[in-house]
Amino acid sequence: MAVSLKSPQTALAVVAFGIIGLISIGAYAAAGPRQGIAVLIGGLAGISLYHASFGFTAAWRRIVTEKRGSGLRAQFVLILLTSAVSFPLIAWGDTLGWPAGGFVFPFGIAAAIGAFMFGAGMQLGGGCGSGTLFTAGGGSTRMMITLAAFILGSVCATAHLHLWGQLPKLQPVSLIREFGPQGAFLLTALVLGFIALLTVWLERRAHGDIAPARKTESVLQGPWSPMFGAVMLAVVGIATFIVVGRPWGITSAFALWGAKAFHFVGIPVETWPYWTWQKGALENSVLRDTTSVMNFGIIFGAMAAAALAGKYAPLWKLTRRDVLTAIAGGLLMGYGARLAYGCNIGAYLGGLVSGSLHGWLWLLFGFLGSMVGVRLRLKLGMG
């Protein structure tokens, strides 16, 4: 759909890009040049997510309900492209002059429950961590409700996280440390390749052939093919490693936003064990939090992409089921993400591109939860 240079949609795109620029300037003033660049990386993520419709939720649902695996295979391309750069940076970054650290966490009962909750919640809510941000930014009013509930669930989880942390857990395992970056990459490629071949077999068995991929029609206005979206999101992930020095993350910011809101209305979150070592984050400007400013970039990047595509048109009429499932899904995702070290971006993608065992275990329990969520969707008539 061509958008006139004088149309309201184009004006909105200009405004959205202008807001990204202002946030970038503010982040630069608050925390330096890397922070300002992080906003722009987030903006690119928002554009890429929107134009490629790159949702983890729909891809996981389609393999269960339709036996279509193109979305999963695009995710695997994203993981491998990012890992090809992130593994050497994690292993040799200090020597190369680009020090970077990965997300390598212990995985236990609490994380398994959290990943399961998140998987179920993203199907009810209609979006994952990144999906919630880009669809809300793209004008989905239902997803704005999901986002609000996501934030509430995140901050509520921080009140109990010290108790969940007492449950048994495995020690953190780094494949990069165990096998070196080359061995870790080969192992990751073999496992993901096997799963990809399994999805191809499943799709051909169900339909006779693989569905043709959507083609990229316009880089500026979209839509993009899933693979082009995977490549651009790999650029986002690699740029995050290079500029920020760690994997891309999303949901820790939601907990911070919720905590700041609670603190503003007089709820003493600073006394909760989770926040006692993060009082600076509660007191400082949100522009000093890298995950937050990247999330702002995603929201307004998606808004700009929707406007460029001529599709920014919020629908304000929602059914009772829309509202209730958005709230339920958001709460489950928010609470679950805190238990499981993050969402599909920070824990699943971030874990795998860090060579961490916890990323694989998050994928297992998150997918099991997603299957339950899909069944709930069907029972509720959500499709």
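A.B. asks: When you look at the overall build of the protein chain in this model, what are you seeing that I'm missing?
C.D. replies: Tallying secondary structure elements over the protein chain gives 17 helices and zero strands in all. Taking 21 Å as the expected radius of gyration for a compact globule of 383 residues, we find that the protein chain reaches 20 Å, a close match to that expectation. Once the C-alpha set of the protein chain is aligned to its principal axes, its extents read approximately 50 × 50 × 45 Å. Among the 383 residues that make up the protein chain, the fraction classed as buried is 53%. In the protein chain, the share of contacts with a sequence separation of at least 24, taken over all contacts with a separation of at least 6, comes to 79%. Roughly 16400 Å² of accessible area belongs to the protein chain as shown, and the carbon and sulfur atoms make up 69% of that amount. One way to put it: in the protein chain the 26 positive side-chain charges average out to a point 7 Å from where the 10 negative ones average out.

A.B. asks: Would you mind showing me how to read the packing of helix α6 (residues 129-137) against helix α7 (residues 141-158) here?
C.D. replies: The relative placement of two packed helices comes down to the angle between their axes together with the axis-to-axis distance. Following both chains from N to C, one finds α6 and α7 inclined at 135°, their axes separated by 8 Å at the closest point. Here α7 runs oblique to α6, going by the angle between their axes. The two elements α6 and α7 meet at a crossing, and its hand is left-handed. Mapping the contact onto sequence places Gly 129, Gly 131, Thr 132, Leu 133, Thr 135 and Ala 136 in α6 and Met 143, Met 144, Thr 146, Leu 147 and Phe 150 in α7. Tallied by class, the residues present in the contact of α6 with α7 amount to six nonpolar, five polar and no charged.

A.B. asks: Explain the pattern of salt bridges here, please?
C.D. replies: Two side chains carrying opposite charge are able to pair once their charged atoms lie near each other. Per the counting criterion, the structure on display carries three salt bridges. Ionic pairing is found between Arg 68 and Glu 203, a salt bridge with its closest N-O pair at 2.9 Å. Remark: Glu 203 occurs in helix α9 (residues 175-207) and Arg 68 occurs in the loop between α3 (56-65) and α4 (70-96); sequence separation between them is 135 residues. Residue Arg 68 shares its accessibility class with Glu 203, and that shared class is buried. What makes Glu 203 buried here is its relative accessible area of 1%.

A.B. asks: Got a minute to help me understand the nonpolar core in this structure?
C.D. replies: Nonpolar side chains tend toward joint burial in soluble globular proteins. Phe 54, Phe 118, Trp 248, Tyr 348 and Trp 362 are the most contacted members of the largest nonpolar core, which totals 82 residues. Broken down by element, this core gets its largest block of residues, 10 residues, from helix α14 (residues 290-308). Ignoring anything within four residues of it in the chain, the contact list for Trp 362 reads Trp 60, Phe 107, Ala 115, Phe 118, Ala 340, Gly 342, Cys 343, Asn 344, Ala 347, Tyr 348 and Phe 367. In this structure, Met 117, Ala 157, Tyr 274 and Leu 282 belong to the second largest nonpolar core, which totals 15 residues.

A.B. asks: For this particular structure, what's the right way to read the environment of Leu 332?
C.D. replies: Along the chain, Leu 332 turns up in helix α15 (residues 320-339). Not counting residues within four places of it along the chain, the set of residues in contact with Leu 332 comprises Met 117, Phe 118, Gly 121 and Leu 124.

A.B. asks: What exactly am I supposed to notice about the side chain of His 51 here?
C.D. replies: Take His 51: it is sitting in helix α2 (residues 33-52). The class for His 51 is buried, based on a relative accessible area of 3%. A polar side-chain atom of His 51 sits 2.8 Å from the main-chain carbonyl oxygen of Leu 220. Excluding residues within four positions of it along the chain, His 51 makes contact with Arg 214, Val 219, Leu 220, Gln 221, Gly 222, Pro 223, Trp 224, Ala 305 and Ala 309.

So, how was this worked out
- Residues numbered from 1 in each chain as written.
- Predicted model: local features only at pLDDT ≥ 70, side-chain atom pairs only at ≥ 80, totals over all residues.
- Heavy atoms only, no water.
- Helix = DSSP H or I, 4+ residues; strand = E, 2+ residues; numbered from the N terminus.
- Rg over C-alpha atoms; globule rule 2.2 N^0.38 Å.
- Buried < 20%, exposed > 50% of the residue type's maximum accessible area, 1.4 Å probe, protein only.
- Contact = heavy atoms within 4.5 Å.
- Areas by Shrake-Rupley, 256 points an atom, 1.4 Å probe, with all protein chains shown as cover.
- Lys, Arg positive; Asp, Glu negative; His and termini not counted.
- Charge placed at Lys NZ, Arg CZ, Asp CG, Glu CD.
- Axes fitted to C-alpha atoms, helices over the stretch in contact; angles between N-to-C directions.
- Parallel < 35°, antiparallel > 145°, perpendicular 65-115°, else oblique.
- Left-handed = near helix turned anticlockwise from the far one by under 90°.
- Nonpolar A, V, L, I, M, F, W, Y, C, P; charged D, E, K, R; others polar.
- Salt bridge = Lys/Arg side-chain N within 4 Å of Asp/Glu carboxyl O.
- Core = buried A, V, L, I, M, F, W, Y, C linked by side-chain atoms within 4.5 Å.
- Polar contact = N/O pair within 3.5 Å; in protein donor to acceptor, adjacent residues only side chain to side chain.

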